[in-house]
Number of protein chains: 2
Amino acid sequence: MTKDIPKLRPEPPLTSATRPYHHGDLRTALLAAAEAELADRGMEGFSLRSVAKRAGVSHAAPAHHFGDAKGLLTALAAEGFRQFLAAQAAREAVADRDPASQLVAAGLGYVDFALARPTLFRLLWQSERPDFSDADLGEAARAAYTHLVNQVTGAGGRSTADEAAVWAIAHGLADLLAAGRLRSVGSLLQPARDAMLAAIIRRALPGAA
Amino acid sequence: MTKDIPKLRPEPPLTSATRPYHHGDLRTALLAAAEAELADRGMEGFSLRSVAKRAGVSHAAPAHHFGDAKGLLTALAAEGFRQFLAAQAAREAVADRDPASQLVAAGLGYVDFALARPTLFRLLWQSERPDFSDADLGEAARAAYTHLVNQVTGAGGRSTADEAAVWAIAHGLADLLAAGRLRSVGSLLQPARDAMLAAIIRRALPGAA
DNA sequence: CTCCTATCTTGACAGTGTCAGGATATGGAG
DNA sequence: CTCCATATCCTGACACTGTCAAGATAGGAG
C-alpha cells in the first residue's frame, strides 16, 4: 500500500536521479564549477545560477557557503592567487638556481598562468567583483606580491623602479597574451616563445646590458 | 475650454518636463552617458537601462542606434581607441623631437589614459563585450597598434622582440596603475612619477644601456 | 530516540537585455 | 499648405539574473 511509504522525497529534482540532499563537499564543487563557468562563458557571461546548475544543485545553494556571488568570486580569486604562485614555482623548480634565472622563470610562470587560465587571470588583476579587502584573498595576493619583491631583490634589485619594471613587463606580456594581442609572440611555438619572453624579461632586470 | 486643446501629449514622461520626443543627437548623448556609467559604476555594474535613464530616454531607445548593448560598447570602444591615441599624441607634442623621447612620450600617454579612464581602458584591452570584428573598432584599434610599431621602428627597433618589450612594459605599467596596484609608483606626485615611468620605459628600448 | 543545527530547496521579488508593436515627429513630394 | 513615408522614440512583455525568506531534509549530540 502506498500509505506505508514514509514520506517519499517529493522529487529527485530531475538534475541527478540519485543525488543525495546533502552534497558532501559542495563548497569545493562550487569553486570548481565557478572556474569552469568562467573558462567557457567568460567574465561577463558569468552566472551564479548557471554555476549552481553545473554543480547539480539549486540556484540558492551557493548562498549558504559563500553569501553572495561576490563571496564566491572572492574565494575563487584567493584560490587563483595560490595557483598563480604555484605556476611560478613550477617554472622556478626546473630553472637554473642563480637569482636572475629564477626571476626570469617566475616571469615565465606568470605568463603560463595567464595563457592557461585567461579569465581567472582577469579575475585576479582586473575585476571589481572579488572583495579585495577579504582577509584570505588579501593574504593570498600579498604572498604573490612578496614573492615578486623577493625575487627582484634577490637578483640585485635595489630601487622601487627595479621592482616596478620587472612586474610591469611580466604583467604586460601576460595580459596582452591572455587577451590574444601580441600575436607575433603568442603564435610562436613553446620553446621559441619561452626564449623570446625570457629575453624580454631580462631587459627589465637591474643590471641588464 | 479644455476641448480646444488638440491632443496634449499624454505625459512629458516625468524625466524631463520639456523634453521633445526626438532627442536631436541621442547617439552621441548615449555614448557620453555610457562612458559616465562605466566611470562610476564600473565594468561589471554597467547597465543599458541605466544608460538610457541617464540620457533621459526610454530603456529601449538605445536599440535603434546601436542594436544591442554590445553595439553600444563597440562604438564606445572605437571612440575610446581614438581618445587613447589622442592621449599619446598630447604627450608627444610637448616632448623632445628625437625618436626615443617620442617613444617614451607615447608610453606616458598610454599610462595617462589608463589613469584618467581606467574602466574605459579595460573596455579596450580586457573586455569581451565589444565586437572586435566590427569594422570601425577594428580600424581604430589597428591605428593604435600601427602607431606603436612606427614609434618603435623609428627609435631603432628592428625585431618583434623590441616591439613586444616596449608594448608590454607600457601596457603593464598602465594596467597595474589603473587597477590601483604598483602603489610605490602610483602614489608619487606627477613630476616624479613621470620621471620614474620614463626611466622604466627606456629599459625596453632597443639600444638601452 | 529526540532535537538541534547545518545544509539544501522552493518560491518570490526587483532589475536586466531584448523583442514586438504602437506612438510621434520630420522632411519632402504633391 | 497638405499629406505621408520614414526615422525616431515609447510601452509592454518575456526570459533570465542575484538575492531574500521560509520550508524541507539530513547528521550528529545528548
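The model shown is predicted, which means the values in this text are computed figures rather than measured ones.

Colleague: Give a detailed account of the overall build of chain A, specifying residues and quantitative values.
Modeller: Within chain A, the secondary structure is distributed over ten helices and zero strands. The order of helices and strands in chain A, counted from the N terminus, is α-α-α-α-α-α-α-α-α-α. With 209 residues in all, chain A has 46% of them scored as buried. Put simply, of all contacts in chain A between residues at least 6 apart along the chain, 65% involve residues at least 24 apart. Of the accessible surface of chain A, which amounts to about 10400 Å², a share of 57% is contributed by carbon and sulfur atoms.

Colleague: Account for the relation of the copies chain B and chain A, naming residues and giving values.
Modeller: For the pair chain B and chain A, the relating rotation is 180°, the translation along its axis is 0.0 Å, and the fit reaches an RMSD of 0.0 Å. In short, the pair behaves as if placed about a two-fold rotation axis. For chain B, the residue whose C-alpha comes nearest the rotation axis is G172(B), separated from it by 1.8 Å. Most of the interface of chain B is mirrored in chain A, where 100% of its interface residues are also at the interface.

Colleague: Give a detailed account of the nonpolar core, specifying residues and quantitative values.
Modeller: Ranked by internal contacts, the top residues of the largest apolar core, which has 126 residues, are F81(A), W125(A), F81(B) and W125(B). Discounting chain neighbours no more than four positions away, the residues touching F81(B) are R181(A), L124(B), W125(B), F132(B), L137(B), A140(B), A141(B) and A144(B).

Colleague: Any details on the pattern of salt bridges? Residues and values, ideally.
Modeller: Taken as a whole and judged by the stated rule, the model has 20 salt bridges over all chains. Where D162(B) meets R203(A), a salt bridge forms, and the shortest distance between an N and an O atom there is 2.7 Å. One end of the pair, D162(B), is in helix 8 (residues 160-178); the other, R203(A), is in helix 10 (residues 190-204), on a second chain. The class for D162(B) is buried, based on a relative accessible area of 8%. We note a salt bridge from E37(B) to R41(B), for which the minimum N-O separation is 3.0 Å. Of this pair, E37(B) and R41(B) are both found in helix 1 (residues 26-41), four residues apart, which corresponds to roughly one turn of the helix. On the basis of relative accessibility, which here comes to 0%, the residue E37(B) falls in the buried class.

Colleague: Tell me what's going on with the side chain of D194(B), and back it up with residues and numbers.
Modeller: Residue and element names in this part refer to chain B. Within the element layout of this structure, D194 appears in helix 10 (residues 190-203). Of the residues examined, D194 reaches a relative accessible area of 15% and is grouped as buried. Residue contacts for D194: discarding those within four places in its chain leaves R91 and L108.

Colleague: Describe the packing of helix 4 (residues 69-93) of chain A against helix 6 (residues 118-125) of chain A, with residues and values.
Modeller: Residue and element names in this part refer to chain A. Orientation of helix 4 relative to helix 6, taken along the N-to-C sense of each, is 110°, at an axis distance of 9 Å. Judged by the inter-axis angle, helix 4 sits roughly perpendicular to helix 6. Each of L73, L76, A77, G80, F81, Q83 and F84 in helix 4 lies in contact with helix 6, whose residues at this interface are L120, L123, L124 and W125. Of the residues belonging to the contact of helix 4 with helix 6, the class tally is nine nonpolar, two polar and no charged.

Colleague: Explain the interface of chain B and chain A to me, and be specific about the residues and the numbers.
Modeller: With 40 residues of chain B at the contact, the number on the chain A side is 40 residues. A buried area of about 3200 Å², summed over both sides, lies between chain B and chain A, and 57% of it is on carbon and sulfur atoms. Contact with chain A buries area across many residues of chain B, yet E44(B), R181(B) and R203(B) alone supply 22% of it, more than any other trio. On inspection of chain B and its partner chain A, the count reaches four salt bridges. Along the contact surface separating chain B from chain A lie 18 residue pairs in polar contact (both at pLDDT 80 or more). Those elements giving two or more residues to the side of chain B that touches chain A turn out to be helix 6 (118-125), helix 8, helix 9 (183-186) and helix 10 of chain B. Examining the composition of the side of chain B that touches chain A, we find that 14 residues originate from one element, helix 8 of chain B, more than from any other. Its residues assigned to classes, the side of chain B that touches chain A comprises 23 nonpolar, seven polar and ten charged.

Colleague: Describe the packing of aromatic side chains, and please don't skip the residues or the numbers.
Modeller: Applying the stated criterion to the full structure yields 20 aromatic pairs over all chains. Geometrically, the ring pair formed by F84(B) and W125(B) is edge-to-face, given 5.8 Å between the ring centres and 70° between the ring planes. Here F84(B), found in helix 4 (residues 69-93), pairs with W125(B), found in helix 6; they are 41 residues apart in sequence, far enough to count as distant. Accessibility expressed as a relative area gives 1% for F84(B), which makes it buried. W125(B) sits in the buried class, given a relative accessible area of 5%. Pairing Y110(B) with F121(B) gives two aromatic rings, centres 6.2 Å apart and planes at 65°, and the pair type is edge-to-face. Taken together, the positions of Y110(B) in helix 5 (residues 99-116) and F121(B) in helix 6 put the pair eleven residues apart, joining distant regions of the chain. By way of ring pairs, the aromatic residues F81(A), F84(A), Y110(A), F113(A), F121(A), W125(A), Y145(A) and W167(A) are connected into one cluster. Lying over the aromatic face of F132(B), R181(A) brings its terminal NZ or CZ to 5.1 Å of the ring centre.

Colleague: Could you give me a rundown of unusual backbone geometry, with the residues and numbers involved?
Modeller: Despite not being glycine, L182(A) has its phi angle at roughly 60°, a positive value. Following the sequence through the fold, L182(A) ends up in the loop between helix 8 (160-178) and helix 9 (183-186).

Colleague: A description of the environment of Y145(A) should follow, citing residues and the corresponding values.
Modeller: All names here are of chain A. In this fold, Y145 is placed in helix 7 (residues 135-154). Here the alpha-carbon distance between Y145 and W167, two residues 22 residues apart in the chain, equals 9.3 Å. Beyond its immediate chain neighbours, meaning those up to four positions away, Y145 contacts E163 and W167. For Y145, the side chain forms a polar contact with the side chain of E163, separated by 2.7 Å.

Criteria and thresholds
- Residues numbered from 1 in each chain as written.
- Chains lettered and ligands numbered in written order.
- Predicted model: local features only at pLDDT ≥ 70, side-chain atom pairs only at ≥ 80, totals over all residues.
- Heavy atoms only, no water.
- Helix = DSSP H or I, 4+ residues; strand = E, 2+ residues; numbered from the N terminus.
- Buried < 20%, exposed > 50% of the residue type's maximum accessible area, 1.4 Å probe, protein only.
- Contact = heavy atoms within 4.5 Å.
- Areas by Shrake-Rupley, 256 points an atom, 1.4 Å probe, with all protein chains shown as cover.
- Least-squares fit on C-alpha atoms with pLDDT ≥ 70 in both.
- Core = buried A, V, L, I, M, F, W, Y, C linked by side-chain atoms within 4.5 Å.
- Salt bridge = Lys/Arg side-chain N within 4 Å of Asp/Glu carboxyl O.
- Axes fitted to C-alpha atoms, helices over the stretch in contact; angles between N-to-C directions.
- Parallel < 35°, antiparallel > 145°, perpendicular 65-115°, else oblique.
- Nonpolar A, V, L, I, M, F, W, Y, C, P; charged D, E, K, R; others polar.
- Buried area = accessible area lost by both parts, 1.4 Å probe.
- Polar contact = N/O pair within 3.5 Å; in protein donor to acceptor, adjacent residues only side chain to side chain.
- Phe/Tyr/Trp six-rings, centres within 6.5 Å; stacked < 30°, edge-to-face > 60°.
- Lys NZ or Arg CZ within 6 Å of the ring centre and 35° of its normal.

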